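Letter by letter, the chains look like this.
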Amino acid sequence: MMQRMTNSSSSPSLLNDSAKQYAGHDPLTSPASSLFNDFAALSLSQRRKTPNPTASEFIPKGGSTSRLNNVSQSSMSAFSQALFSHPSMGSPATAGLAPGMSLSAGSSPLHSPKITPHTSPAPRRRSHTPNPANYMVPTSASTPVTNAVSQPPSTGQVIQKETVGGTTYFYTDTTPAPLTGMVFPSYHIYPPTAPHVAYMQPKANAPSFFMTDELRQELINRHLITMAQIDQADIPAVPTEVDSYHSLFPLEPLPPPNRIQKTSNFGYITSCYKAVNSKDDLPYCLRRIHGFRLVNTKCMVLVDMWKKIQHSNIVTLREVFTTKAFGEHSLVFAYDFHAGGETMMSRHFNDPSADAYFTKRKWGQHDGPLPRQHAGLLPESLIWAYIVQLSSALRTIHTAGLACRVMDPTKILVTGKTRLRVNCVGVFDVLTFDNSQNNPLALMAQFQQADLISLGKVVLALACNSLSGIQRENLQKAMELVTINYSSDLKNLILYLLTDQNRLRSVNDIMPMIGARFYTQLDAAQMRNDVIEEDLAKEVQNGRLFRLLAKLGTINERPEFQKDPTWSETGDRYLLKLFRDHLFHQVTEAGTPWIDLSHIISCLNKLDAGVPEKISLISRDEKSVLVVTYSDLKRCFENTFQELIAAANGQL
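One numbering rule holds for all chains: residues counted from 1, following each sequence as written. Totals for whole chains, interfaces and linings use every residue, but because this is a predicted model, local features are given only for residues with pLDDT of at least 70 and side-chain atom pairs only at 80 or more, for both listing and counting. Calculation of side-chain values draws on the structure's entire complement of heavy atoms; hydrogens and water are dropped beforehand.

Going by what an unreviewed UniProt entry lists, the protein chain is known as PAN2-PAN3 deadenylation complex subunit PAN3 and is assigned to Chelonoidis abingdonii. Annotation of the protein chain in UniProt includes, under Sequence similarities (unreviewed entry), the sentence "Belongs to the protein kinase superfamily. PAN3 family." UniProt positions are given in the numbering used here, feature names are shortened, and annotations may be inferred rather than shown by experiment.

In structure tokens form, the structure reads like this:
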């Protein structure tokens, strides 16, 4: 048997370097005791007293003001042309890729109607709600289970029976009974911060009852942008309603009415709006193509394929429609709205000094590799985080048999710290649709190869922190900059993406170059999830407490009810008035206000649970003292509020 190892630490610790090496063996032939002996030889180190040194990058450093979705235009060259040519390279073959097939899970055997009759009470009596006692019932790991069917039920199991429709069903209640001495609180409590999150955060003065200020401010900014509206009198060019969308709000400066110059991305004048769909009352992002007349609906086959793609790094396309609400023929693409997002162009390439540094540096005159922070470049970990997300989006798109065609800094949204989403997908497929081709997917192979080249240009621009690095005359300087400041893996990835190959490439080819950095990104995402879950745990009870205070406020100090001006001062309402004073109006011995948030929360939780604890309520003249229990107060509270509800519904 494996021996139980005890340690004073309650958190996971690292393995000692002097631990015994694990010996490989066949699990089918070797005895189980050898595996236990290998684990028993491992010794646990003492608990780490300092915060996790690698966790600071996952904690926001300072408040950042979320900006609107600013899709700025760029005068750079197209992102779909190769920069390097393979010496033995001809034109790549244009083999068509078959559309990706989505895998759907089959029916689970647990849902088969042949297991139990539909009138059986057994499935209804088994609840999926976790019982805290379930996690503390001891189990014996040394007892072998040879035939679970033939063994009689243990003493802790109770055979239940229930008759439904004349048929008696027998079943075993496998819910473990709580151990003797287990005591759970009878009202809601607020546990302290989980240790794995407490040691992750270096902030010692972080609030303990509420979420962090930065997360709160970010959410408030998102809500503010989502609810923003315009004054129709000031901007009459924006229609009040477009198809089934209303409350349009421009997310970028509107183009002049007589503008002739077209954008360098789509070849048409475009504008972007936030709008609310009247069918589901949800906000969406509308991308309008000015002056476009859709003459053939065959392209809707590609639109339907885009609507089926759901990915965390892709802005989902919901629908495409034509309209004349703007005074001319327009094509509108409706996408999911991500409030507070900004383009990668606005986030990383909006500093003119970065280009000046890139062009004025004297190449070949340096003493060893320059530190990245001194050169004003992005951290390599951030670039790899972007690569993982963009390659994941491309992998999903290419698997579905489509091509992105918008891998451009002006079409990549950044939300939060490092979250990327590819925007405006499917626009090129509609604007450049060729009616003469029988197969609309015939050129997807070429477009997918162009996506890889565009990805390489985005990564090179991020590594140089400048769009000047992707220009042909600066390629040698750009690659030298990457060689000096970044790892060879990043350099090889850029060279592979920007060099023409003598075969069709796939986004899966860069997976070995990313390597174990996938685990780093997965670890970062899970740690961030732990922090957000801990912040959610601090706020999970706020809605319940607010409802209690709202109900209590509708009862206390009500001037009149059913033509009775003394209603709030008599009967059960008088007890609730004294309880309100007990919550908020207590004073110290010196007569100063006594304000304690924990006292308010604790009393409200006990009232909501109706615990049998007694409480002393003193009148304001201090001539009478009423001793009641929280259960009595809850009964008075519920009966009084139901009386108000009945009167509001006309039932009294």
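Enquirer: What exactly am I supposed to notice about the overall build of the protein chain here?
Expert: Segments assigned H or I by DSSP are reported as helices when at least four residues long, segments assigned E as strands when at least two residues long, and all are numbered from the N terminus. Broken down by element type, the protein chain carries 19 helices and 13 strands. In this scheme, a residue with accessible area under 20% of its type's maximum is buried, one over 50% is exposed, and one in between is partly exposed, where area comes from a 1.4 Å probe on protein chains only. Among the 652 residues that make up the protein chain, the fraction classed as buried is 38%. A sequence separation of at least 24 residues applies to 70% of the contacts in the protein chain between residues at least 6 apart. The accessible surface values rely on the Shrake-Rupley method and a 1.4 Å probe; as for residues, cover is taken only from the protein chains in view. Surface exposure of the protein chain reaches about 38,300 Å², of which carbon and sulfur atoms provide 55%. Pairs of residues are marked as contacts when any of their non-hydrogen atoms sit within 4.5 Å.

Enquirer: Hey, could you run me through the side chain of H290 in this one?
Expert: Mapped onto the secondary structure, H290 falls in strand β6 (residues 283-290). Of the polar contacts made by the side chain of H290, one reaches the side chain of R288; its length is 3.5 Å. What H290 contacts, discounting residues up to four positions off in sequence, is P255, Y268, I269, T270, S271, E328, H329 and S330. Side-chain atoms alone can form a polar contact between residues adjacent in sequence; in general such a contact is a pair of N or O atoms within 3.5 Å, and within protein one must be able to donate a hydrogen while the other accepts it.

Enquirer: Please explain the pairing of strand β4 (residues 245-250) as it appears in this structure.
Expert: Each regular strand displays side chains that alternate between the two surfaces of the sheet. For two strands to be treated as a pair, DSSP must find no fewer than two bridges joining them. By the bridge criterion, two bridges tie strand β3 (residues 241-242) to β4 in an arrangement that is antiparallel. Within β4, the residue paired with E241 across the bridge is H246. Counted along the chain from β3 to the antiparallel partner β4, the turn is two residues long, and its residue D243 has a positive phi close to 55°. Across four bridges, the pairing between β4 and strand β5 (residues 270-277) is antiparallel. What sits directly across from F249, in β5, is K274.

Enquirer: Where do I start with the pattern of salt bridges in this structure?
Expert: Any two side chains of opposite charge can pair if their charged atoms end up close together. Whenever Lys or Arg places a side-chain nitrogen within 4 Å of a carboxyl oxygen from Asp or Glu, that contact is recorded as a salt bridge. In the structure shown here, the tally under the stated rule is 18 salt bridges. The salt bridge partner of R287 is E252, with a shortest N-O separation of 3.5 Å. Highlighted residues: R287 in strand β6 and E252 in the loop between β4 and β5, separated in sequence by 35 residues. By relative accessible area, E252 is classed as buried at 11%. A salt bridge links E328 to R288; its shortest N-O distance comes to 2.8 Å. With a gap of 40 residues between them, E328 in the loop between β7 (317-323) and β8 (330-336) and R288 in strand β6 connect regions that are remote in the sequence. Using a relative accessible area of 6% as the deciding quantity, one classes R288 as buried. Through salt bridges with shared partners, one network takes in E557, R580, D581 and R620.

Enquirer: Just checking my understanding: could you explain helix α16 (residues 542-555) for this structure?
Expert: Residues three or four positions apart in an α-helix share a direction because the helix packs 3.6 residues into each turn. Here, expected helix span is obtained from the residue count minus one, scaled by 1.5 Å. Compared with an ideal rise of 1.5 Å per residue, which puts 14 residues at 20 Å, α16 spans 20 Å between its outermost C-alpha atoms and is within 8% of the ideal. Inspection of α16 places R544, L545, L548, L552 and I555 among the buried residues, and these make up the whole buried set. The arc that holds the buried residues of α16, viewed along the axis, is 100°, so those residues lie on one side. More than 90 degrees from the buried face of α16, the exposed residues found are F546, R547 and G553. The directions from the helix axis to the C-beta atoms are what the arc is built from.

Enquirer: Could you clarify how one ought to interpret the sheet that holds β3 in this entry?
Expert: Consider a sheet: its strands pair through backbone hydrogen bonds, and that pairing is either parallel or antiparallel. Here we have six strands laid out as an open sheet, ordered β3-β4-β5-β6-β8-β7, and antiparallel in their pairing. The two strands at the open ends of the sheet, each matched to only one other strand, are β3 and β7. Two strands pair when backbone bridges link them, and β5 and β6 are joined in this way by seven bridges, in the antiparallel orientation. If you follow T270 over to β6, its bridge partner there is I289.

Enquirer: Looking at this structure, how should I read the UniProt feature "binding site: ATP" (unreviewed entry) in the protein chain?
Expert: In the UniProt entry, the feature "binding site: ATP" (unreviewed entry) is given for R287, D336, F337, H338, A339, G340, G341, E342, T343, T410 and K411. Checked against the element boundaries, T343 lands in strand β9 (residues 342-343). Here T410 shows up in the loop between α9 (380-399) and β10 (412-415). We classify T410 as buried; its relative accessible area is 1%. In terms of polar contacts, T410 uses its side chain to reach the side chain of D408, at 2.5 Å.

Enquirer: What exactly am I supposed to notice about the packing of α9 against helix α13 (residues 488-498) here?
Expert: The geometry of a pair of packed helices is captured by two quantities: the angle between their axes and the separation between those axes. As a rule, the C-alpha atoms of each element are fitted with a line to give its axis, helices using only the stretch in contact, and angles between N-to-C directions run from 0 to 180 degrees. Between α9 and α13, the least distance of the axes is 11 Å, while the angle of their chain directions is 40°. Considering the angle they form, α9 stands oblique to α13. Relative to α13, the crossing made by α9 is left-handed. Across the interface between the two elements, E380, I383, W384 and I387 from α9 touch D489, L490 and L493 from α13. Just so you know how the angles are binned, under 35 degrees is roughly parallel, over 145 roughly antiparallel, 65 to 115 roughly perpendicular, and the rest oblique. Left-handed describes a crossing in which the near helix is turned anticlockwise from the far one by less than a right angle; the clockwise case is right-handed.

Enquirer: Could you clarify how one ought to interpret α9 in this entry?
Expert: Over its 20 residues, α9 extends 28 Å from the first C-alpha to the last, a length consistent with the 28 Å expected when each residue adds 1.5 Å. Most of α9 sits inside the fold, with 15 of its 20 residues counted as buried. Just past α9, the residue G401 takes up positive phi, approximately 85°.

Enquirer: How should I be thinking about the sheet that holds β9 in this particular structure?
Expert: An order of β9-β10-β11 is seen for the three strands of this open sheet, with the pairing classed as antiparallel. Each edge of the open sheet is held by one strand with a lone partner, namely β9 and β11 (419-422). Across four bridges, β10 lies against β11 in antiparallel orientation. Bridging from a neighbouring strand, V414 pairs with L420 of β11. On the sheet, α9 packs against β10 and β11 and is oriented at approximately 30° with respect to β11.

Enquirer: Where do I start with the packing of aromatic side chains in this structure?
Expert: Each aromatic ring pair is specified by the distance between its two centres and by the angle formed by the two planes. Side-chain rings of Phe, Tyr and Trp (the six-membered ring for Trp) are treated as a pair once their centres are within 6.5 Å; stacked means planes under 30 degrees apart, edge-to-face means over 60, and tilted covers the remaining angles. Under the counting rule described, the total for this entry stands at eight aromatic pairs. Ring plane angle 85° and centroid distance 5.4 Å describe the contact between Y268 and F292, whose orientation is recorded as edge-to-face. Placement of the pair is Y268 in the loop between β4 and β5 and F292 in the loop between β6 and α5 (300-307), with a sequence separation of 24 residues. The class of Y268 is partly exposed, set by a relative accessible area of 25%. An angle of 40° between the planes, with centres 4.6 Å apart, marks the rings of F561 and W567 as tilted. By the burial criterion, F561 is buried, and W567 matches it. These aromatic residues form a ring-pair network of at least three members: Y245, Y284 and F321.

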